[in-house]
Amino acid sequence: MAPREKPSRPTAAARHFKRREILLAEGGKLVLNGDGSISQLDSSGESVGTWATGEAEWSSHAIRFGLQPQAITVAPHGRRVAEPRPRD
């Protein structure tokens, strides 16, 4: 049986959000969608505004859901294998 090869880099997992709603004092609601976008609906259910995860205003609405924006992390560059130790 041939050994399986490991991928050279892990694949980036897409982040999924649990759909949640928050009622607003003025009669509308904020909706956190599964893709991370946030929609503001008025009392009749019409969309007032929508913000995607990459937009600057997204974080001001996301904090209401207990979310904080996170910077994308990048693997450090350089050698991953240490040099062999010298023999005495």
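In what follows, the structure referred to is the one given above.
This one's a predicted model, so the numbers in the text were calculated from it and none came from an experiment.

K.L.:
What exactly am I supposed to notice about the overall build of the protein here?
P.N.:
Of regular secondary structure, the protein possesses one helix and four strands. For the protein, the proportion of its 88 residues judged to be buried stands at 20%. Within the protein, contacts between residues separated by at least 24 positions form 20% of all contacts whose residues are at least 6 apart in sequence. Working note: accessible area of the protein is about 8,100 Å², and carbon and sulfur atoms make up 52% of it.

K.L.:
What is the right way to look at the side chain of Ser 39 in this model?
P.N.:
Within the secondary structure layout, Ser 39 lies in strand β3 (residues 38-41). Take Ser 39: its relative accessible area is 13%, and that puts it in the buried class. Looking at Ser 39, its side chain comes within polar contact range of the side chain of Asn 33, at 3.4 Å. Setting aside residues up to four positions removed in sequence, Ser 39 forms contacts with Lys 29, Leu 30, Val 31, Asn 33, Gly 49 and Thr 50.

K.L.:
Looking at this structure, how should I read the sheet that holds strand β4 (residues 47-51)?
P.N.:
The four strands lie next to each other as β1-β2-β3-β4, forming an open sheet whose pairing is antiparallel. Strands at the two margins of the open sheet, each flanked by one partner only, are β1 (20-23) and β4. Within the sheet, the average angular offset between the axes of one strand and its neighbour, ignoring direction, is 15°. Where β3 lies against β4, four bridges are found, and the strand directions are antiparallel. By the bridge assignment, Gln 40 is partnered in β4 with Gly 49.

K.L.:
What's the story with the pattern of salt bridges in this structure? I'm lost.
P.N.:
Opposite charge on two side chains lets them pair, provided their charged atoms get close. Overall, the coordinates contain two salt bridges when judged by the stated rule. When the shortest N-O distance is used, the salt bridge between Glu 21 and Lys 29 registers 3.3 Å. Residue Glu 21 is classed as partly exposed on the basis of its relative accessible area of 40%. With relative accessibility at 25%, the residue Lys 29 sits in the partly exposed group. Within this structure, Arg 19, Glu 21 and Lys 29 form a network of salt bridges that share partners.

K.L.:
Sorry if this is basic, but what is going on with the side chain of Ser 37 here?
P.N.:
Along the chain, the position of Ser 37 falls in the loop between β2 (29-32) and β3. When neighbours within four sequence positions are excluded, Ser 37 is seen to be in contact with Val 31, Leu 32, Trp 51, Ala 52, Thr 53 and Trp 58.

The rules behind each value
Residues numbered from 1 in each chain as written. Predicted model: local features only at pLDDT ≥ 70, side-chain atom pairs only at ≥ 80, totals over all residues. Heavy atoms only, no water. Helix = DSSP H or I, 4+ residues; strand = E, 2+ residues; numbered from the N terminus. Buried < 20%, exposed > 50% of the residue type's maximum accessible area, 1.4 Å probe, protein only. Contact = heavy atoms within 4.5 Å. Areas by Shrake-Rupley, 256 points an atom, 1.4 Å probe, with all protein chains shown as cover. Polar contact = N/O pair within 3.5 Å; in protein donor to acceptor, adjacent residues only side chain to side chain. Pairing = 2+ DSSP bridges. Axes fitted to C-alpha atoms, helices over the stretch in contact; angles between N-to-C directions. Salt bridge = Lys/Arg side-chain N within 4 Å of Asp/Glu carboxyl O.

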